Number of protein chains: 2
Amino acid sequence: MPSIAGLFFYMSEKIKKLNVSKPLVLDCKKTVKDFPLAYETYGNLNKNKDNAILIFHALTGDQFVSGTNPITKKDGWWVTAVGPGKAIDTNKYFVICANVIGGCMGSWGPKEIDKNTNQAYGLNFPVITIKDMVKSQETLLDHLGIDKLLCAAGGSMGGMQLLQFCATFPNKTFSAVPIACSTNHSAQNIALNELARQAIMADPVWDNGKYLKKNIQPKNGLAVARMVGHISYLSEKGMQEKFGRKLQEKADYEFSFDADFQVESYLRHQGFAFVERFDANSILYITRAMDYFDLSRQFKGGLVEAFKNQKTKFLIISFSSDWLYTTKENKDTVIALNSAGADVSFAEIKTDKGHDSFLVNEPEFLKTLKGFIDSMHIKFKNEKK
Amino acid sequence: MPSIAGLFFYMSEKIKKLNVSKPLVLDCKKTVKDFPLAYETYGNLNKNKDNAILIFHALTGDQFVSGTNPITKKDGWWVTAVGPGKAIDTNKYFVICANVIGGCMGSWGPKEIDKNTNQAYGLNFPVITIKDMVKSQETLLDHLGIDKLLCAAGGSMGGMQLLQFCATFPNKTFSAVPIACSTNHSAQNIALNELARQAIMADPVWDNGKYLKKNIQPKNGLAVARMVGHISYLSEKGMQEKFGRKLQEKADYEFSFDADFQVESYLRHQGFAFVERFDANSILYITRAMDYFDLSRQFKGGLVEAFKNQKTKFLIISFSSDWLYTTKENKDTVIALNSAGADVSFAEIKTDKGHDSFLVNEPEFLKTLKGFIDSMHIKFKNEKK
């Protein structure tokens, strides 16, 4: 595993990048152009161009959805769902995924070099939004010669991007699968993100985002921020079943502050593994974008206005034990889509695996996803005839 | 508000202390004696000594249950329930509360001076348990000349101490009200405590607990630890009703990392107010004691053995929206007490206020508490006749 410093060097060799030359007006009013958008594709676009699927990644994801991530050498983040013979079958479909702007896997983000100063942006990077992310990714479709996607899918922040994508570009995808997400962040979700941000900012190494100049990372703060995430991604029951009160390779309490419990050991491991692959400033920027996301706030008529004239066919999926984006919140999106007259189905998957369910092997979820996409493919082909 | 350094100086003048001279064998096998136990009392013990109520405090509480805390100059932590004319009426009852060992309001804890080194203990303080806390507090009853309490009550860690107290001293209280607690910590609760500990330990100022020598506090880490607590003490719904997506004294997003949302401002305020009144090492020690607490582990026959031969009459109270100590966990305690043949009632209070419900003005809860204690008083007086 390369250090964060090492990452910068050879990323450019293994990462496809589009230079987004068209000026993009960000929500913060700044205009940007000529910035990199890193992306990956899997499978092949067919002649009729009816098999393209765009995937939006979540907070700590990247463009490497399937196969092996060439940078981390680990599995792509959605190998359970995407690949040859998988629910999103790359033998049949052309899968596209871009690293969000604000991220750290090659797209324009706070660790990129600001040409004006020849230094990493750090906190000079503009505060971006989910809409900014989505608008930048839309340019990729032009680049790849795709007028209309068969489907777009994403879980968590990926789902939020997808809802934004449909609202901003109502005729760019034939179908959409927003998973475990909402049209805005609840106070609890903002609070959890703020906790992660405060953990990073509390680390003196962070130094107002200027740590990159010294080629170091605020590892302690970033690890704590990651632990917040891991607690929220599992359900209480799932965590109890996985760890309970099991001790970590010891027969009895050690009466110390070492990791006596397996769950402590798990959190420490997840926290400190994460700092090797992710930039702390990116966590600040991306969580901020999530908290700012509020689809109803963008449209005078609220959500009904946001979703009016939708041609896209939606399948919303929630997980019964997800306490970060509850079934209730997902259903609220269904209600809004219905009120706007959109074509929408809904499935709640019963599982104890919490928010993480979309990333793990959850057969009922994967079956639902596959069934929907395959049936949409038939309909889309007919429409294209 | 005095600084943490200031606290040390004048604490001794305003704090009643018992010197615990009897040797106490801690669970970690160390034996200690001649250590201070700080406590406070409210009301008067009557002639028949049938009106004494012992209150156990929670993680960040102290002995100042009612009235004004003489150190912080703020309300005592349980003024909603304890005071003249309140549910626990100090005109009628003699209320006692001690600061737990491991704490920082005058009882023996990591910020006290180790006579062997003439320095604050820091991490040289032994890892203590809920049982150690309870055994040290039992000595206070002898000191005050109380053979048997009318009642003992406590919420959260206070409830855990109370369950331990009843298991260790089965005939020391006529009645008991464990509120919003459990007989052991779930994996999720351990995880949240570990998150708080890691936030403190991530702060370089913490310096392996040796910060007191420099008369400073790891404020950043401690503030983040406190934010974890505040998120877990509120329910998702309660937080949504209280804060929602309301902005903090501004009309629009500022596209910065300042506190745009009220919930962010609330968390920052709570975090940074806390560092003025609490010692970071105490958080480590007390959360560790909570995580180690496992009543069934102490008895070969498990919980049934723990609660056998109970003469105490129990009322267990849970709150419907408490996700830290759920109604299910509280009911598990009821089931164990029933299986052991104990006299036990149970009440779930319907509320959106989450775990914090026992600390706020929750009329149904306070009515239930008052009704139980007053009826126990009549029974206890009859028994004493």
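Below you will find a few notes about this structure. All values derive from a computational prediction rather than experimental measurement.

As a further point, take helix α3 (residues 157-168) of chain B. Residue and element names in this part refer to chain B. Here α3 spans 16 Å end to end across 12 residues, near enough to the 16 Å set by a 1.5 Å rise per residue. For α3, a buried count of 11 out of 12 residues is recorded, marking the element as mostly surrounded by other parts of the structure. Burial in α3 covers these residues: Met157, Gly158, Gly159, Met160, Gln161, Leu162, Leu163, Gln164, Phe165, Cys166 and Ala167.

Running from amino to carboxyl end, helix α4 (residues 187-201) of chain A crosses helix α7 (residues 262-274) of chain B at an angle of 50 degrees, the nearest separation of the two axes being 9 Å. Here α4(A) lies oblique to α7(B), going by the angle between them. The two elements α4(A) and α7(B) meet at a crossing, and its hand is right-handed. Of the residues in α7(B), those in contact with Ala187(A), Ile190(A), Ala191(A) and Glu194(A) of α4(A) are Val263(B), Glu264(B) and Leu267(B). Among the residues forming the contact of α4(A) with α7(B), the class breakdown is 5 nonpolar, no polar and 2 charged.

As a further point, take the environment of Ala280(A). Residue and element names in this part refer to chain A. For Ala280, the location among the structural elements is in helix α8 (residues 280-292). By C-beta crowding, Ala280 is classed as buried, having 30 other C-beta atoms within 10 Å. Beyond its immediate stretch of four places on either side in the chain, Ala280 contacts Ile200, Trp206, Gln217, Pro218, Gly221 and Leu222.

So, about the packing of helix α4 (residues 187-202) of chain B against helix α5 (residues 219-233) of chain B. Residues and elements named next belong to chain B. Contact geometry for α4 and α5: axes closest at 7 Å, N-to-C directions at 165 degrees. It follows from the interaxial angle that α4 and α5 lie roughly antiparallel. In this structure, α4 meets α5 at a crossing whose hand is right-handed. The residues of α5 that touch α4, namely those facing Leu192, Leu195, Ala196, Ala199, Ile200 and Ala202, are Gly221, Leu222, Val224, Ala225, Val228, Gly229 and Ser232.

So, about the relation of the copies chain A and chain B. Once chain A has been moved 0.0 Å along the axis and rotated by 180 degrees, it coincides with chain B to within an RMSD of 0.0 Å. Look at the turn and shift together and you get a two-fold axis relating the two. A symmetric contact is evident, with 100% of the interface residues of chain A recurring at the interface of chain B.

The next thing to look at is the interface of chain A and chain B. Facing 42 residues of chain A, the contacting portion of chain B comprises 42 residues. Contributing elements (two or more residues each) for the side of chain A that touches chain B: α4, α5 (219-233), α6 (236-242), α7 (262-274) and α8 of chain A. With 10 residues, the top contributor of residues to the side of chain A that touches chain B is α4(A). For the side of chain A that touches chain B, the residue count by class is 24 nonpolar, 9 polar and 9 charged.

What follows deals with the nonpolar core. Counting residues in hydrophobic clusters, the biggest one holds 247 residues, and the most contacted among them are Ile53(A), Val95(A), Cys151(A), Ile53(B), Val95(B) and Cys151(B). Looking at this core, the element that brings in the most residues is α4(B), giving 10 residues. Per-domain counts for this core show at least three residues from each of domain 1 (4-186 + 295-384) and domain 2 (190-286) of chain B. If we ignore the near neighbours within four places in the chain, the residues touching Ile53(B) are Ile88(B), Tyr93(B), Phe94(B), Val95(B), Leu149(B), Leu150(B), Cys151(B), Ala152(B) and Ala153(B).

Before going further, it helps to spend a moment on the pairing of strand β14 (residues 343-349) of chain A. Working note: regular strand, side chains alternate between the two faces of the sheet. Residues and elements named next belong to chain A. Note that strand β13 (residues 313-319) and β14 share 7 bridges and pair parallel. Within β14, the residue paired with Ile317 across the bridge is Ala347. After leaving β13, the chain enters helix α11 (residues 327-339) and then returns to the sheet as β14, a path that is right-handed.

Right, let's get into the sheet that holds strand β12 (residues 173-179) of chain A. Sheet strands pair via backbone hydrogen bonds, and the direction of the pair is either parallel or antiparallel. Residues and elements named next belong to chain A. One open sheet accounts for 8 strands, arranged β1-β4-β8-β5-β11-β12-β13-β14; its pairing is mixed. Either end of the sheet is taken by a strand with one partner, and the two such strands are β1 (16-20) and β14. Strand after strand, the sheet turns through a mean of 20 degrees between neighbouring axes, direction not considered. Across 4 bridges, the pairing between strand β5 (residues 52-56) and strand β8 (residues 94-98) is parallel. Paired with Ile55 across the bridge in β8 is Cys97. Those strands touched by helix α3 (residues 157-168) are β5, β11 (149-155) and β12, and its axis lies near 140 degrees from that of β11.

This part takes up the sheet that holds strand β11 (residues 149-155) of chain B. Residues and elements named next belong to chain B. Pairing within the open sheet is mixed, and its 8 strands lie in the order β1-β4-β8-β5-β11-β12-β13-β14. Since the sheet does not close on itself, it has two edges, and those belong to β1 (16-20) and β14 (343-349), each with one partner. Here the average twist between neighbouring strands, direction ignored, is 20 degrees. Of the strand pairs in this sheet, β11 and strand β12 (residues 173-179) are connected by 6 bridges, and their pairing is parallel. When the bridges of β12 are listed, Gly154 appears paired with Pro178.

Thresholds, definitions, all that
- Residues numbered from 1 in each chain as written.
- Chains lettered and ligands numbered in written order.
- Predicted model: local features only at pLDDT ≥ 70, side-chain atom pairs only at ≥ 80, totals over all residues.
- Helix = DSSP H or I, 4+ residues; strand = E, 2+ residues; numbered from the N terminus.
- Expected span 1.5 Å × (residues − 1).
- Buried ≥ 20, exposed ≤ 12 C-beta atoms within 10 Å, placed from the backbone.
- Axes fitted to C-alpha atoms, helices over the stretch in contact; angles between N-to-C directions.
- Parallel < 35°, antiparallel > 145°, perpendicular 65-115°, else oblique.
- Left-handed = near helix turned anticlockwise from the far one by under 90°.
- Contact = placed C-beta atoms within 7 Å.
- Nonpolar A, V, L, I, M, F, W, Y, C, P; charged D, E, K, R; others polar.
- Least-squares fit on C-alpha atoms with pLDDT ≥ 70 in both.
- Core = buried A, V, L, I, M, F, W, Y, C linked by C-beta atoms within 7 Å.
- Domains from an automatic or database assignment.
- Pairing = 2+ DSSP bridges.
- Right-handed = clockwise from strand over helix to strand, strands pointing away.

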